[in-house]
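Working through the structure, step by step
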Amino acid sequence: MGLSHFDENGTALMVDVTEKNDTVREATATGKIIVNQEVYEAICDRKVEKGDVLAVATTAGIMGAKRTFEWIPMCHILPISNCKVTFEMLPQEYAVQCFCTVKVTGKTGVEMEALTGVSTALLTVYDMCKALDKSMEIKEIYLCKKTGGKSGSYFHEAKGK
């Protein structure tokens, strides 16, 4: 299977989805940010001066998913029907894991939107906490699963359940 974003001359192009049928498609991505103990506790206790970090990051993740087409050149504008951003606190690592699930009924998938949502949410955590810790690390951003569309379902090995 070749790459679909290039023509026969190797020129980049947006894939033509005109003839594809609308189907329900969903994708979930994840990633995490490693912080120091002080930041971890400040996030948990909602004591970061800029406000409730996870509430703001949730909104940012949703906004990022909705605007993916503006950041990734070959992405289509999609009528996203649902976007959910959630967080899991990982005290043993002083980490915050983010999940973003995006849903659409359309002609193309929402993997990039889910990945962009996670990335934007985690960057927002960094932005809101950087005064306390500039050494935070954003890690392990990947697609957990996707369903729908011609290519069917995908589940990341051992992680996409």
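Residues numbered from 1 in each chain as written. Predicted model: local features only at pLDDT ≥ 70, side-chain atom pairs only at ≥ 80, totals over all residues. Heavy atoms only, no water.

1. Topic: the side chain of Thr68
- If you trace the backbone, Thr68 turns up in helix α3 (residues 68–71).
- Separated by 3.1 Å, the side chain of Thr68 and the backbone oxygen of Gly64 make a polar contact.
- Excluding residues that lie within four positions of it along the chain, Thr68 makes contacts with Cys75, Met112, Glu113 and Thr116. (Helix = DSSP H or I, 4+ residues; strand = E, 2+ residues; numbered from the N terminus. Polar contact = N/O pair within 3.5 Å; in protein donor to acceptor, adjacent residues only side chain to side chain. Contact = heavy atoms within 4.5 Å.)

2. Concerning the environment of Lys107
- By the secondary structure assignment, Lys107 is in the loop between β3 (95–106) and α4 (111–129).
- On the accessibility criterion, Lys107 (28% relative accessible area) is partly exposed.
- In sequence terms Lys107 and Val24 are 83 residues apart; their C-alpha atoms lie 8.8 Å from each other.
- Setting aside its immediate chain neighbours within four residues, Lys107 contacts Val17, Thr18, Lys20, Asn21, Asp22 and Arg25.
- A polar contact of 3.4 Å, which involves the side chain of Lys107, links it to the backbone oxygen of Thr18.
- A polar atom in the side chain of Lys107 sits 2.7 Å from the backbone oxygen of Lys20. (Buried < 20%, exposed > 50% of the residue type's maximum accessible area, 1.4 Å probe, protein only.)

3. Remarks on α4
- Taking 1.5 Å of rise per residue, the 19 residues of α4 would be expected to cover 27 Å, and the 28 Å separating its terminal C-alpha atoms lies within 8% of that figure.
- For α4, the full list of buried residues reads Glu113, Ala114, Thr116, Gly117, Val118, Thr120, Ala121, Leu122, Thr124, Val125, Met128 and Cys129. (Expected span 1.5 Å × (residues − 1).)

4. Focus: the pattern of salt bridges
- Throughout the structure, instances matching the rule amount to six salt bridges.
- Residues Lys139 and Glu137 are paired through a salt bridge, measuring 3.1 Å at the closest nitrogen-oxygen approach.
- Here the salt bridges do not stand alone but share partners, grouping Lys32, Glu93 and Glu140 into one network. (Salt bridge = Lys/Arg side-chain N within 4 Å of Asp/Glu carboxyl O.)

5. Brief notes about the side chain of Thr30
- When you line up the elements, Thr30 lands in strand β1 (residues 23–34).
- When its relative accessible area of 0% is taken as the criterion, Thr30 is described as buried.
- Polar side-chain contacts of Thr30 include one of 2.7 Å to the backbone oxygen of Cys98.
- With near-sequence residues (within four places) excluded, Thr30 lies in contact with Gln97, Cys98, Phe99, Val118, Glu140, Ile141, Tyr142 and Cys144.

Interpretation note: all reported values are geometric properties and have no functional meaning in isolation.
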